[in-house]
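The primary structure of each chain is shown beneath.
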Amino acid sequence: MSMEMSKPVPRPGILDIAAYVPGKEHAPGVARVFKLSSNETPFGASPKAIEAFRAAGEHLERYPDGQAKELRQAIADVHGLNTANILCGNGSDELLALLCHVYLGAGDEGIVTEHGFLIYKIQIMAAGATPVTVKEKDCKVDVDAILAAVTDKTKIVFIANPANPTGTYVPVSEIRRLQAGLPRHVILVLDAAYAEYVRRNDYEAGLEIVSSNSNVIMTRTFSKIYGLAALRVGWMYGPVDIVDALSRVRMPFNMNGAAIAAGAAAMRDQAFIAQAVAHNILWIEKVTKAFEALGLEVTPSVANFVLVHFPDTDGKRAADADEFLTSRGYILRAVRAYGFPNSLRMSIGTEEANLGVIDALTEFMGPKA
């Protein structure tokens, strides 16, 4: 007989997972802090969403609607979709996790890209499957590399489009080529968390390709442009069969009532969203040009953040810049875990915050020789 274990032990593979580490929030000793590390909108939530949230507080004794009908209907109305193809969750993270737990198991593989969102790999491993990381090309998803990595063990492919932390995107023609090259049983996941910010004629978030295929799903979030990160609201659009499979294993009340109400109100207030888009278009261009004028390399971004690459010079590396900026109250995101040890990601903030970072980095970089 084997000896009794001295404590509970997780199943094999769990302790091999590197836990997700969020961006920092605090700058010790600084009176005023501008948090630009989590791609949060500087506009906050729609006043209509806040009003709906407060109204929900009058009925905290009631269970929420387990089907999130109000929220699903709002999404369907705005995007012209069938509610039967929509599933809402506790952030899109929950939906990504459900996909892995329902469609992956021991011996299966899930494909992620070199600089892709860390949650993909975490959830693949949590499901007992093996993550396969594919190289990107110039900080962009490489469709040919993904197709070359597909084996008979592949069950799911994750694409962040636009990507985080790079801000690059995959044109719809390439997404269609990828889908056409995948076996029909492999699920293509299009994570379109930043889709609302994109203004490119050759971009498509995924609605059309999901509608015409049985193995593609698109996930979206209310945590970015909708300003509801604190409530954890996400949704996916996919084939009825996949929605049904995930619905069978999700928690019965996976969303709280306030999140459902605020999410529905936020979705219907598209005029508020338009203001955020206009602000982002203006400032992402200004910030990019200002940083490049300082001699910094910036990956072209279509999202609400920029990836800034620093020189490999003593005193001028990303870690030095991070310390310098933090001491002045500007918190950016270190992205070493994403494969960029000498870069920082900056969320587009208010005018004051953006100008403040530009001034601080101008001081940090110093006069040109």
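Computed from a predicted structure; not experimentally measured.

**Here we look at the packing of aromatic side chains**
Link 1 in the chain: Under the defined criterion, the tally for this structure stands at nine aromatic pairs.
Link 2 in the chain: Here Tyr-194 and Phe-305 contribute two aromatic rings whose centre-to-centre distance is 5.1 Å and whose plane-to-plane angle is 75°, an arrangement assigned as edge-to-face. Placement of Tyr-194 in the loop between strand E6 (187-191) and helix H7 (207-211) and of Phe-305 in strand E10 (residues 305-309) is noted, with a sequence separation of 111 residues between them.
Link 3 in the chain: Look at Phe-305 and you get buried, because its relative accessible area is 0%.
Link 4 in the chain: The lysine or arginine in question, Lys-286, covers the ring of Trp-283, its NZ or CZ lying 4.7 Å from the ring centre.
Link 5 in the chain: The ring of Phe-305 has Arg-345 sitting right over it, with the charged end atom 5.7 Å from the ring centre.

**Points about the side chain of Arg-72**
Link 1 in the chain: Secondary-structure assignment places Arg-72 in helix H2 (residues 69-79).
Link 2 in the chain: Buried and unpaired, Arg-72 has Asp-65 as its nearest opposite-charge partner, separated by 6.5 Å.
Link 3 in the chain: Here the side chain of Arg-72 touches Thr-83 through a polar contact of 2.8 Å, landing on its backbone oxygen.
Link 4 in the chain: Discounting chain neighbours no more than four positions away, the residues touching Arg-72 are Gln-67, Thr-83, Ala-84, Ile-86 and Cys-88.

**Comments concerning H2**
Link 1 in the chain: Among the residues making up H2, those that are buried are Leu-71, Arg-72, Ala-74, Ile-75 and Ala-76.
Link 2 in the chain: At the C-terminal side of H2, Gly-80 shows a positive phi close to 70°.

Reading the values: the criteria
Residues numbered from 1 in each chain as written. Predicted model: local features only at pLDDT ≥ 70, side-chain atom pairs only at ≥ 80, totals over all residues. Heavy atoms only, no water. Phe/Tyr/Trp six-rings, centres within 6.5 Å; stacked < 30°, edge-to-face > 60°. Helix = DSSP H or I, 4+ residues; strand = E, 2+ residues; numbered from the N terminus. Buried < 20%, exposed > 50% of the residue type's maximum accessible area, 1.4 Å probe, protein only. Lys NZ or Arg CZ within 6 Å of the ring centre and 35° of its normal. Lys, Arg positive; Asp, Glu negative; His and termini not counted. Salt bridge = Lys/Arg side-chain N within 4 Å of Asp/Glu carboxyl O. Polar contact = N/O pair within 3.5 Å; in protein donor to acceptor, adjacent residues only side chain to side chain. Contact = heavy atoms within 4.5 Å.

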